[in-house]
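Architecture and fold: a report
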Amino acid sequence: MPTDVAIDARGAIDLLKELRALTADDNGAQRLAWSPMWIKAREWFQAKLRALPVEHHYDAAGNSWSTLKGKSEKALLIGSHLDSVPNGGWLDGALGVISAYAVLKRVAEEYDGKPPVTVRLVDWADEEGARFGRSLFGSSAFAGTETIEADRGRTDSTGKRLEDALAECGVRINEIGNAGIERKNAAAYLELHIEQGPVLESMNLPLGAVLGTKGVERHLITFHGQEAHSGSTPMNARRDALAAAAKLALEIRPIAKKHPDAVCTMGSVKTFPGIVTAVVGRCEATLDQRDLNADVLAAMYKEAQEKSRQFAQEENCTVEWSRIWNIAPEPFHPQLIEFCEQAIRETVGRSHRLPSGPLHDAAEVSRCGIPTTMMFVQSLKGISHNKIEDTSEEHLELAIVALDKLAQKTMDWIQKAGTKGSREQGTGETAS
Ligand SMILES: [Zn+2]
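This section reports on the structure supplied with the text. (Residues numbered from 1 in each chain as written. Predicted model: local features only at pLDDT ≥ 70, side-chain atom pairs only at ≥ 80, totals over all residues. Heavy atoms only, no water.)

So, on to the overall build of the protein chain. Per the secondary structure count, the protein chain includes 12 helices and 17 strands. Its C-alpha atoms give the protein chain a radius of gyration of 24 Å, near enough to 22 Å, the size a compact globule of 432 residues would have. Its C-alpha atoms give the protein chain principal-axis dimensions of roughly 85 × 45 × 40 Å. Here the protein chain holds 432 residues, and the buried ones make up 55% of them. Partitioning the contacts of the protein chain with sequence separation of at least 6, the portion at a separation of at least 24 is 79%. With 50 positive and 60 negative side-chain charges, the protein chain shows a separation of 2 Å between the mean positions of the two kinds. (Helix = DSSP H or I, 4+ residues; strand = E, 2+ residues; numbered from the N terminus. Rg over C-alpha atoms; globule rule 2.2 N^0.38 Å. Buried < 20%, exposed > 50% of the residue type's maximum accessible area, 1.4 Å probe, protein only. Contact = heavy atoms within 4.5 Å. Lys, Arg positive; Asp, Glu negative; His and termini not counted. Charge placed at Lys NZ, Arg CZ, Asp CG, Glu CD.)

Written out as structure tokens, the structure is:
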């Protein structure tokens, strides 16, 4: 069905500005999850939603659901997160939630409050994990992949327990898994987000279709050498743990460059004893490797391990690896990626497919089997999680219009799938 009612993209941008004025200070957005400012943002948003013919509730993990009931119970989910990192930007997460609101409003008007399929707006709780170190909190509870037993003991920087912060927001830690009930009838999930990287800007493109989120291998690598006096130890007698780590820090670049979208980062290096007059006896380095293809990720991990052993041997050291964390790549749904590209081309003429380096709630939704994709809009200078995070208003407007087209295509697809179910295979390329 063609859309007769135009989406109010300007109005959505005005709402984003209103939210910024309400929840940011001189250092940026302060919508830290489970904090009074976050609750204020959510209450502000609820007041806006009251104008629409939707049912609203918070689920057992604190995710906020606004449902526009359709003729079919099969539901299109659209959303993102209102929480921000401390001193964050005005668009990360908020853009996805406010643009979903604009879509919901358009659909409600167009179909006189009764669209052919149900449309649900979701504001995920604590996407950022900035306070307790547990990212994707609400969406993982929804997906049934939460790790609450492991997370129970988490505290914030003031020593406050996660469990207590949740309770203050009406969330009981033992019950968050009940958020899984919201998966019922979910037929697709869409999320518009700022890219948070420089790729679209470098290609001079406003919008891109997201292939999926990259898998991550994160390790602590410890090189063991021998502490020794910097004056008395001849160069050829040293077992310098930093020298071995330094070689690896350079080697991860050619390892990543063998694959078009892969990235490897040595983000932290600590030396012991760490004084100016001693050869480094022990060096602890962290390695973060990411790619959308699981085989590429495994190959990079193996190669970095082999190289680390080679460099340890060259420097007369030893090396040990311990995994900090890992997550598998999550390729998005081929048919929805195809719809996303179509919507982008219809809006701005050209599109590009790209993987997401950062994780998103969409990865959790996709992981539990719900067809999912995301749309990225260009980030100026590729900067995010910072008050200078920005996107031109012209591009924001295009993004909201394109998301609306994507939502309509997806609604039509869900409706068509009807009794066949919504998991039929698409015709697009596979996301690898
Ligand atoms: Zn985000």
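Bound to the zinc ion on the protein side are His81 (NE2), Asp92 (OD) and His193 (NE2), at distances that span 2.0 to 2.2 Å. Spacing between the donor residues of the zinc ion along their common chain follows H-x10-D-x100-H. Of the two residues, Asp92 is situated in the loop between strand S5 (72-80) and helix H3 (94-110) and His193 in strand S7 (residues 186-194); the sequence distance between them amounts to 101 residues. A relative accessible area of 4% means that Asp92 is categorised as buried. With relative accessibility at 1%, the residue His193 sits in the buried group. (Donors = N, O, S within 2.8 Å, 3.2 Å for Na, K, Ca; no water.)

Turning next to the sheet that holds strand S9 (residues 215-224). The strand order across the open sheet built from 4 strands is S11-S13-S9-S14, with neighbouring strands paired in antiparallel fashion. The sheet is open, and its two borders are formed by strand S11 (263-272) and strand S14 (318-327), each paired with just one other strand. On average, adjacent strands in this sheet sit at an angle of 15° to one another, irrespective of strand direction. Strand direction decides the pairing type here: S11 and strand S13 (residues 282-291), joined by 8 bridges, are antiparallel. Following the sheet pairing, Cys264 is matched in S13 by Gln289. Against the sheet, helix H8 (residues 241-257) makes contact with S9, S11 and S13, and its axis sits at roughly 175° relative to S11, the strand it touches most. (Pairing = 2+ DSSP bridges. Axes fitted to C-alpha atoms, helices over the stretch in contact; angles between N-to-C directions.)

Next up on the list: helix H12 (residues 393-417). End to end, H12 covers 36 Å across 25 residues, agreeing with the expected 36 Å (1.5 Å per residue, within 8%). Among the residues trailing H12, Gly418 stands out with phi positive, at a value near 35°. (Expected span 1.5 Å × (residues − 1).)

What follows deals with helix H9 (residues 294-314). Taking 1.5 Å of rise per residue, 21 residues should cover 30 Å, and H9 covers 30 Å from first to last C-alpha, within 8% of that figure. Among the residues of H9, Val296, Leu297, Met300, Tyr301, Glu303, Ala304, Gln305, Ser308, Phe311 and Ala312 are the ones counted as buried. Residues of H9 that are buried make contact with S9, H8, S11, S13 and S14. Capping the start of H9 is the job of one residue whose side-chain oxygen sits 2.7 Å from the backbone nitrogen of Asp295: Asn293. Asn316 occupies a position one or two residues after H9 and carries a positive phi of about 60°. (Polar contact = N/O pair within 3.5 Å; in protein donor to acceptor, adjacent residues only side chain to side chain.)

Bringing the packing of aromatic side chains into the picture now. Evaluated as defined, the whole model comprises 10 aromatic pairs. Between the aromatic rings of Trp34 and Trp38, the centroid separation amounts to 4.9 Å while the plane-to-plane angle is 65°, which identifies the pairing as edge-to-face. Comparing Trp34 with Trp38, the two get one shared label, buried. On the basis of an interplanar angle of 65° and a centroid distance of 5.9 Å, the ring pair of Phe45 and Tyr101 is categorised as edge-to-face. You can see Phe45 sitting in helix H2 (residues 36-49) and its partner Tyr101 sitting in helix H3, a full 56 residues away along the chain. When sorted by exposure, Phe45 lands in the same class as Tyr101, which is buried. Among the aromatic residues, ring-to-ring pairing joins Trp65, Trp124, Phe142 and Tyr189 into one connected group. Geometry around Trp90 places Arg20 over its ring, the cationic atom sitting 4.2 Å from the centre. Here the basic side chain of Arg282 rests over the ring of Phe272, its NZ or CZ set 4.0 Å away from the ring centre. (Phe/Tyr/Trp six-rings, centres within 6.5 Å; stacked < 30°, edge-to-face > 60°. Lys NZ or Arg CZ within 6 Å of the ring centre and 35° of its normal.)

What the rule picks out here adds up to 32 salt bridges. With a closest N to O distance of 3.0 Å, Arg152 and Glu149 form a salt bridge. Look at Glu149 and you get exposed, because its relative accessible area is 59%. Close ionic contact of Asp288 with Arg218 constitutes a salt bridge, the shortest N to O distance being 2.9 Å. Residue Asp288 is located in strand S13, and its partner Arg218 is located in strand S9; the two are separated by 70 residues in the primary sequence. Residue classification places Asp288 among the buried residues on the basis of a relative accessible area of 13%. Salt bridges here are not isolated pairs; linked through shared partners, they connect Arg10, Asp14, Lys17, Glu393 and Glu397. (Salt bridge = Lys/Arg side-chain N within 4 Å of Asp/Glu carboxyl O.)

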